[in-house]
Amino acid sequence: MKNLASFALAIAATLPAFGNMPAYRDTSKPVEERVEDALARMTLQEKINIIHAQSKFCAPGVPRLGIPELWTTDGPHGIRPEVLWDEWDQAGWTNDSCVAFPALTCLAATWNPDMAALYGTSIGEEARYRGKDVLLGPGVNIYRTPLNGRNFEYMGEDPLLASRMVVPYVKNLQALGVAACVKHYALNNNEVNRHTTNAVVDDRTLYEIYLPAFKAAVQEGGAWSIMGAYNYYKDQHACHNQYLLNDILKGEWGFDGAVISDWGGTHDTRQAITNGLDLEFGSWTNGLSNGASNAYDNYYMAAPYLDLIRKGEVGTKELDDKVRRVLRLTFRTAMDYSKGSGAICSEEHYDAARRIGAEGIVLLRNEGSVLPIRPASGTRILVVGENAVKMMTVGGGSSSLKVQREISPLDGIRNSAAGVASVDYARGYVGDVSGEYNGVTTGQNLADSRTPAELIAEAVEKARNADYVVFVGGLNKSAGQDCEDSDRASLGLPYGQDAVIEALAAANPRTIVVNVSGNAVAMPWVKKVPAIVQAWFLGSEAGNSIADVLFGRANPSGKLPFTFPVALADNGAHALGAYPGTRREGSDIVDLEYSEGILVGYRWHDTKKIKPLFAFGHGLSYTTFGYGKAGVSASSMGADGTITVSVPVTNTGDIAGAEVVQLYISDPECSVERPTKELKDFKKVYLQPGESRTVEFTVRPSDLAYFDAAAHEWVAEPGRFVASIGSASDDIRTSVKFNLK
Ligand code: BGC
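Please read these numbers as outputs of a predicted model, since none were measured by experiment.

Colleague: Describe empty space enclosed by the protein, and please don't skip the residues or the numbers.
Modeller: Evaluation of the coordinates by the stated rule reveals five cavities of 30 Å³ or more. Empty space within the largest cavity amounts to approximately 100 Å³. Lining the largest cavity are 13 residues, and of these His 77, Phe 101, Met 392, Thr 393 and Lys 477 lie nearest its centre. Taken as a whole, the second largest cavity encloses approximately 80 Å³ of empty space. Forming the walls of the second largest cavity are 14 residues, and the residues nearest its centre are Met 392, Pro 409, Val 516, Leu 538 and Ala 542. Across the lining of the second largest cavity, the residue classes tally to nine nonpolar, three polar and two charged.

Colleague: I'd like a rundown of the nonpolar core, residues and numbers included.
Modeller: Leu 107, Tyr 185 and Leu 327 are the most contacted members of the largest nonpolar core, which has 122 residues in total. By residue number, the principal contributor to this core is helix 6 (residues 159-174), which donates nine residues. Residues Val 513, Val 529, Phe 562 and Phe 564 belong to the second largest nonpolar core, which totals 78 residues.

Colleague: Explain helix 13 (residues 347-360) residue by residue, including any values.
Modeller: Because each turn of an α-helix spans 3.6 residues, side chains separated by three or four positions in sequence point in the same direction. Across its 14 residues, helix 13 extends 20 Å between first and last C-alpha, which sits within 8% of the 20 Å expected from 1.5 Å per residue. Among the residues of helix 13, those classed as buried are His 349, Tyr 350, Ala 352, Ala 353, Ile 356, Gly 357, Ala 358, Glu 359 and Gly 360.

Colleague: Give me the sheet that holds strand 29 (residues 719-728): which residues, what numbers.
Modeller: Spatial strand order, 22-30-29-24-25: five strands in an open sheet with mixed pairing. Strand pairing shows two members of the sheet lacking a second neighbour, strand 22 (636-637) and strand 25 (678-687), which therefore form its edges. Bridge count for strand 24 (residues 657-666) against strand 29 is five bridges, and the pairing is antiparallel. Bridge assignment links Tyr 664 to a residue of strand 29, and that residue is Ser 724.

Colleague: Describe the confidence of the model for the chain, with residues and values.
Modeller: When the pLDDT values of the chain are averaged, the result is 95; 96% of them are 70 or greater. Throughout residues 12-18 the model reports pLDDT below 50, and contacts reaching past four residues in sequence, or to other chains, amount to five contacts.

Colleague: Could you give me a rundown of the site of the ligand, with the residues and numbers involved?
Modeller: Lining the immediate environment of the ligand, one finds 15 residues, of which Asp 74, Arg 150, His 184, Tyr 230 and Asp 262 sit closest. Arg 80 places a side-chain nitrogen or oxygen 3.2 Å from an oxygen atom of the ligand. Separating an oxygen atom of the ligand from a side-chain N or O atom of His 184 is a distance of 2.7 Å. Here the ligand loses 96% of its free accessible area of 310 Å² to cover by the protein chains. Across the shell around the ligand, the residue classes tally to six nonpolar, two polar and seven charged.

Colleague: For the pattern of salt bridges, give the residues involved together with the corresponding values.
Modeller: Between side chains of opposite charge, pairing is possible as soon as their charged atoms come close. All chains considered together, the criterion is met by 46 salt bridges. Between Glu 191 and Arg 194 there is a salt bridge, with its nearest N and O atoms 3.2 Å apart. Judged by relative accessible area, Glu 191 falls into the buried class, the value being 1%. Measuring nitrogen to oxygen at the nearest pair gives 3.3 Å for the salt bridge that ties Arg 194 to Asp 485. On the criterion of sequence distance, the pair formed by Arg 194 in the loop between strand 4 (179-185) and strand 5 (197-200) and Asp 485 in the loop between strand 15 (468-474) and helix 16 (497-507) is long-range, its members being 291 residues apart. Overall, the relative accessible area of 8% leaves Arg 194 in the buried class. A single network of salt bridges, built from pairs that share partners, joins Arg 150, Glu 153, Glu 191, Arg 194, Glu 484 and Asp 485.

Colleague: Describe helix 8 (residues 212-219), and please don't skip the residues or the numbers.
Modeller: Every buried residue of helix 8 is listed here: Ala 213, Phe 214, Ala 216, Ala 217 and Val 218. Among the structural elements, helix 6, strand 4, helix 7 (203-210), strand 6 (225-228) and helix 9 (242-252) are those in contact with the buried residues of helix 8.

Colleague: Describe in detail the sheet that holds strand 11 (residues 380-384), supporting the description with residues and values.
Modeller: The strand order across the open sheet formed by six strands is 10-17-16-15-11-12, and the pairing between neighbours is mixed. The open sheet has two edge strands with one neighbour each: strand 10 (362-366) and strand 12 (422-426). Here the average twist between neighbouring strands, direction ignored, is 20 degrees. Bridge analysis of strand 11 against strand 15 gives four bridges, and the strand direction is parallel. Note that in strand 15 the partner of Leu 382 across the bridge is Val 469. Strand contacts of helix 16: strand 11, strand 15 and strand 16 (511-516), with the helix running at about 170 degrees to strand 15, the strand carrying the most contacts. Contacting strand 15, strand 16 and strand 17 (531-535), helix 17 (residues 542-550) runs over the sheet at an angle of about 145 degrees to strand 16.

So, how was this worked out
- Residues numbered from 1 in each chain as written.
- Predicted model: local features only at pLDDT ≥ 70, side-chain atom pairs only at ≥ 80, totals over all residues.
- Heavy atoms only, no water.
- 1 Å grid on protein atoms, 1.4 Å probe; cavity = no way out; pocket = protein on both sides within 12 Å on 5 of 7 lines; lining within 4 Å.
- Points joined across faces, edges and corners; volume = space filled by probe spheres on them.
- Nonpolar A, V, L, I, M, F, W, Y, C, P; charged D, E, K, R; others polar.
- Core = buried A, V, L, I, M, F, W, Y, C linked by side-chain atoms within 4.5 Å.
- Buried < 20%, exposed > 50% of the residue type's maximum accessible area, 1.4 Å probe, protein only.
- Helix = DSSP H or I, 4+ residues; strand = E, 2+ residues; numbered from the N terminus.
- Expected span 1.5 Å × (residues − 1).
- Pairing = 2+ DSSP bridges.
- pLDDT = per-residue confidence, 0-100.
- Contact = heavy atoms within 4.5 Å.
- Near = heavy atom within 4 Å.
- Polar contact = N/O pair within 3.5 Å; in protein donor to acceptor, adjacent residues only side chain to side chain.
- Areas by Shrake-Rupley, 256 points an atom, 1.4 Å probe, with all protein chains shown as cover.
- Salt bridge = Lys/Arg side-chain N within 4 Å of Asp/Glu carboxyl O.
- Axes fitted to C-alpha atoms, helices over the stretch in contact; angles between N-to-C directions.

See below:
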């Protein structure tokens, strides 16, 4: 009823008004004028109502004024199926299936901002169709440890890469009238103890590593909302945190949008009032069963807030600021009546998912050019492994989806080989046969009672008679793997997969490993197989994207957005024992010191000279690229000038392909410790065989700066710098020096 009434009022708001149309409904007026007008008309109770949820995913708006509800949805890889008003259980709709787009790790691995734009548009259209105003994503928490169960939802270990990729996603999504809710701000870098971890991070590390992607989303992408994280920072929950929200986000960055709590991330009314939270969601995850007739009234920012105001203990200044922000968010989304109606499960969306997937797949190794597979009549391909058949769009936590269709790797390979080669399948290992999340089931029966030895014996037997063996394994979306609310226990592959791979490699020299994961995994067999492909959680078109690469319809051009260490101890956080933290005496709080500081990912490996298994930025192609000598437009740069670094790049192979040309900068003469080098720019260039292009990078003093915590400012120290250009962080092809005056 409430819904219907607000819907009718919202419709009325779109119609020409009789007499004087209130300013807040007049979309020709500036948003700020509308915000002030609406605010002035609202009662105290209405102001309190609009800043907290009325159901699992929706906030009530102001029905009396025709200000509609605000509907949020997960996020970030597709539009979550509808759940009941107050429960996580399925609402049982039959029209809420979606297209699952590749996980954000894959998007980051494309190193192609155009793909991020396509992603934002495609998922935005699906959100529009489903009537959603706020998409809970994208996530840009930095990849600090390969154990983090949620790394698959993020964009890797480098702040510049994540920044470049998040901006077009946000812009294109919001162009459709759907707000991004960039998450989880900030320092939510592992899932274990996610509600109790207190991240202890020095300011330099915070500003150089963990904040830039959020800042870019806000300042360059213009994000309309931000989700506070679950963890603590400086002993305050991130959802109501003076430092992160008031000082940095709203103060330094001038964010004018709404801070939305993570679901259940609000813990204290007074802190919520003063420390920057604007919209409370998900307190007590099972809303109505908290013993009250309407639990939403008991939210921290509901009746308890009203009480404090009525008792005169707090004023309404903060409340008005929160209401303004929620109104602004509503006017930008739910009350943007010019926005389109969107589309769901369109062929364009499947095509986008497939292209992003294929472009993000990373060819890690390809000895003897065993790939691409060139099927001919009589070619026998054996596919092995649970991940070749297991649906991966169900599970993993809040990003779990209900898809209209999902092409498995085995189906993708079969379709590609159809009519030419024969494809056989062996299970190889049994991992997790369940397939359910919040009542969505895959409907697959993956039960297999054979022993590991029997499964290996079958696979090896078949492998001996195959021309190619494609092992598809890796992680999955079950707890303790790539999954929200838990971390992985180790870097190794689960379910005895190493033994299966070793056995296959011994039986067939053309064994190709396709690793499906959102995280680095250990590969003790790395030298024993000729080809390794990093495929991510690729969504609806997974099998087609993988087959496009395996069969050479797509020439791989993905590059790793994070380092694959050989062993866990090679990662900075783990080397220093700085994970998962130490429980404070007499408290629930787990203090987690980010002891490695700015030396995250390749910054650690480079600086400490620890060879990775596969380096940040690594990714092969079916063609080869030659780099000429780097040049620089001037040997020195003024403090407010720029210089151009350029390099000719040539496709030296015989098929068309794309190369991600990466620019790293080193500051060998700095007064503070700096990483050996840092990514400062990249360009993806598409080249025909034999074609050359000169790639140019503009370097600014800000690209040379470090964050001086004492002065609280970015400082570029005059002196010598080195620009190194290469195909990966461990494959620098040319470098050039220049000075900053
Ligand atoms: C997750 C968020 C998600 C929210 C709503 C939380 O548990 O951390 O990422 O958007 O739930 O489902």
